[in-house]
Amino acid sequence: MEKSRPLWDNPLQFVFACISYAVGLGNVWRFPYLCQMYGGGGFLIPYLIMLIAEGMPLLYLELAVGQRMRQGSIGAWKMISPYLCGVGVASVVVSFFLSMYYNVINAWAFWYLFHSFQDPLPWATCPLNSNRTGYEEECERTSSTQYFWYRQTLNISPSLEASGSVQWEQALCLTLAWLVVYLCILRGTASTGKVVYVTASLPYCVLIIYLIRGLTLHGAVNGLFYMFTPKLEQLLNPKAWISAATQIFFSLGLGFGSLIAFASYNEPSNNCERHAIIVSLINSTTSIFASIVTFSIYGFKATFNYESCINKVILLLLNAFDLEEGSLTADNLSEKKDYLMATYPQEYAQLAPQIKNCSLEAELDTAVQGTGLAFIVYSEAIKNMEVPQLYSVLYFFMLLMLGIGSMLGNTAAILTPLTDSRAIGARFPKEVISGVVCFINCVIGLIFTMEAGNYWFDIFNDYAATLSLLLIVLVETIAVCYIYGIRRFEKDLYTMIGRKPNWYWKIMWAFVSPLLIISLFIFYLTDYILTGTLQYQAWDATQGQLVTKDYPGYALAVIGLLVAASTMCIPLGALMTFIRKRLKRERVSTVA
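Residues numbered from 1 in each chain as written. Predicted model: local features only at pLDDT ≥ 70, side-chain atom pairs only at ≥ 80, totals over all residues. Heavy atoms only, no water.

Visitor: For helix α23 (residues 466-497), give the residues involved together with the corresponding values.
Guide: The first and last C-alpha atoms of α23 sit only 33 Å apart over 32 residues, clearly below the 46 Å expected at 1.5 Å per residue. Along its length, α23 reaches its greatest deviation from straightness, about 95°, at G485. Directly after α23, the chain includes G498, whose backbone phi takes a positive value near 85°. (Helix = DSSP H or I, 4+ residues; strand = E, 2+ residues; numbered from the N terminus. Expected span 1.5 Å × (residues − 1). Bend = angle between axes of the 7 residues up to and from the residue.)

See below:
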């Protein structure tokens with residue numbers, strides 16, 4: 001007798017699971033960057049339009065499919081049509097790739113969290129050299145926060161070719177991160193359902209604390225003014241619209257199979273329409289909220305750097321021209337510089353290379369995203385706060401909660417189809433299947449703890465999912481609307497929630513969302529082709545900065561395999577189903 005499917009304890013638990021999965025690191029470190037790049041508050045216009053045209057409809061579609069079919073991604077799409085089994089397999093492959101590298105971020109968060117209890121913080125100042133006669137040369141060429149990230153955390157190699165050895169500290173942190181994930185998913189919804197209350201709610205508590213602290217920081221208003229001043233001319237920039245659509249798409253976690261897996265544990269009568277709207281709105285509101293926090297801290301950091309630069313210039317001029325202390329201030333610096341240049345042209349010309357051009361606008365214009373924002377910019381700001389250890393612990397604990405919440409969704413996308421499978425789920429207990437998946441991911445993930453591991457991390461982050469997910473979700477929408485049939489899907493929704501979807505949902509599913517996905521797919525494909533030789537940013541210790549290098553041939557081959565491994569599952573799945581049916585038909589005709 002087939003055992004009954006496990007369920008969430010209540011609808012709220014399901015909503016928390018979706019929020020914990022969807023609200024992730026991208027809300028904290030990518031959305032603020034996009035605001036900075038594409039017109040501050042003006043970016044919210046294309047972002048909200050894309051939320052309505054793409055985000056909500058596709059989220060509702062995936063939740064409805066999972067709840068109706070009550071299967072993981074492989075089983076759900078196979079029930080819609082046997083020829084679509086490859087769509088589910090492609091989702092599992094992409095989720096597997098994501099799990100391989102994503103948990104490394106949690107390992108880094110653990111590393112920084114453990115070091116946050118030191119006084120002073122280890123990234124606050126440059127370490128002394130071996131002779132203890134000065135600071136480490138590499139650190140002097142860059143900054144203490146960059147040195148801690150690139151040298152003491154990653155111990156990064158100068159290029160992808162110099163792979164180096166596994167860094168045992170990072171390997172231990174990665175093992176710990178996978179152990180935490182395993183304990184959270186050990187008993188399926190019974191354990192995950194409890195954990196999501198923590199991973200979904202605690203980041204908001206930390207963000208609120210940071211908001212209160214951020215708004216009281218000197219210079220915070222400069223960052224907020226920068227964010228909320230709309231540059232409406234950016235609305236004419238196609239890349240602003242493309243970036244808004246991409247952010248909505250990936251932030252909600254569409255195409256991975258995680259949302260289908262979560263929805264499959266719902267009661268059949270659950271109101272998935274209401275939950276799709278709630279989750280998408282909370283996700284977008286969190287992005288805006290996190291941006292306010294980020295820009296208040298960004299304004300503090302920019303103001304601190306600007307004032308430090310001004311003070312260094314003032315000190316340099318006071319000493320060089322033997323001026324009276326207090327005669328030079330930030331307000332009259334420009335006038336005094338012109339006066340000194342006119343009065344002492346030769347002396348000023350000799351000193352000119354050392355006089356920096358300090359600009360608050362330039363500091364605010366420095367756009368940073370990803371790990372650069374999370375582990376360098378934030379730690380730079382934290383070290384200059386009062387009681388930096390407290391804010392450091394809070395921040396990296398928040399990153400950990402966001403990362404673990406996303407990992408619960410990623411692993412669910414892999415485990416649900418496996419436990420649903422009769423070949424695997426019937427033979428092995430859930431704990432063993434979860435343990436094997438976590439162990440395999442952890443072992444493969446050791447690649448990212450090598451000296452060249454960060455370069456491999458960037459390869460996986462940039463290429464493992466982008467094109468694949470767009471193709472997967474495009475096939476999903478076409479499958480529901482034109483293979484399964486929109487009218488049949490309407491009846492399913494009426495059976496589940498007691499009403500049919502209105503014209504808005506049907507127009508978005510059938511026309512608008514697929515056209516948007518096709519546009520994104522063409523854009524990314526064209527962008528990759530026009531880029532020519534793919535390049536990456538490598539750390540040059542002699543210069544203390546990132547330099548651009550071409551990917552070697554074997555890295556390009558890996559990129560090609562990453563894209564092909566998932567996308568080819570869709571046509572191959574359909575081909576195998578066709579061959580299997582053809583052979584079965586031939587056997588029947590032979591017997592007859």
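Moving on from the model shown.
Visitor: Can you explain the pattern of salt bridges? Please cite residues and give values.
Guide: Within this structure, the stated rule accounts for eight salt bridges. Note that D420 and R5 form a salt bridge whose closest N and O atoms lie 2.8 Å from each other. One end of the pair, D420, is in helix α19 (residues 388-420); the other, R5, is in the segment before α1 (11-22), with 415 residues separating them in the sequence. (Salt bridge = Lys/Arg side-chain N within 4 Å of Asp/Glu carboxyl O.)

Visitor: Describe the state of the cysteines, with residues and values.
Guide: Considering all chains together, one arrives at two disulfides under this definition. Disulfide pairing places C126 opposite C139 at an S-S distance of 1.9 Å. Linking C126 and C139, the disulfide has an S-S dihedral of approximately -80° and is accordingly described as left-handed. Here C126, found in the loop between α6 (85-115) and α7 (137-141), pairs with C139, found in helix α7; they are 13 residues apart in sequence, far enough to count as distant. For C139, a relative accessible area of 1% translates into the label buried. Each sulfur in the disulfide pair C309 and C358 lies 1.9 Å from the other. Sign of the S-S torsion, about -80° for the bond between C309 and C358, identifies this disulfide as left-handed. Of this pair, C309 sits in helix α14 (residues 272-320) while C358 is found in the loop between α16 (345-351) and α17 (360-365), placing the two residues 49 residues apart along the sequence. Regarding the disulfides, the protein carries the connectivity 1-2, 3-4 under sequence-order numbering of its bonded cysteines. Free cysteine: C205, not disulfide-bonded; nearest cysteine sulfur from C184 at 17 Å. For C438, which is in no disulfide, the shortest distance to another cysteine sulfur is to C442 and amounts to 8.7 Å. (Disulfide = S-S within 2.5 Å. Buried < 20%, exposed > 50% of the residue type's maximum accessible area, 1.4 Å probe, protein only.)

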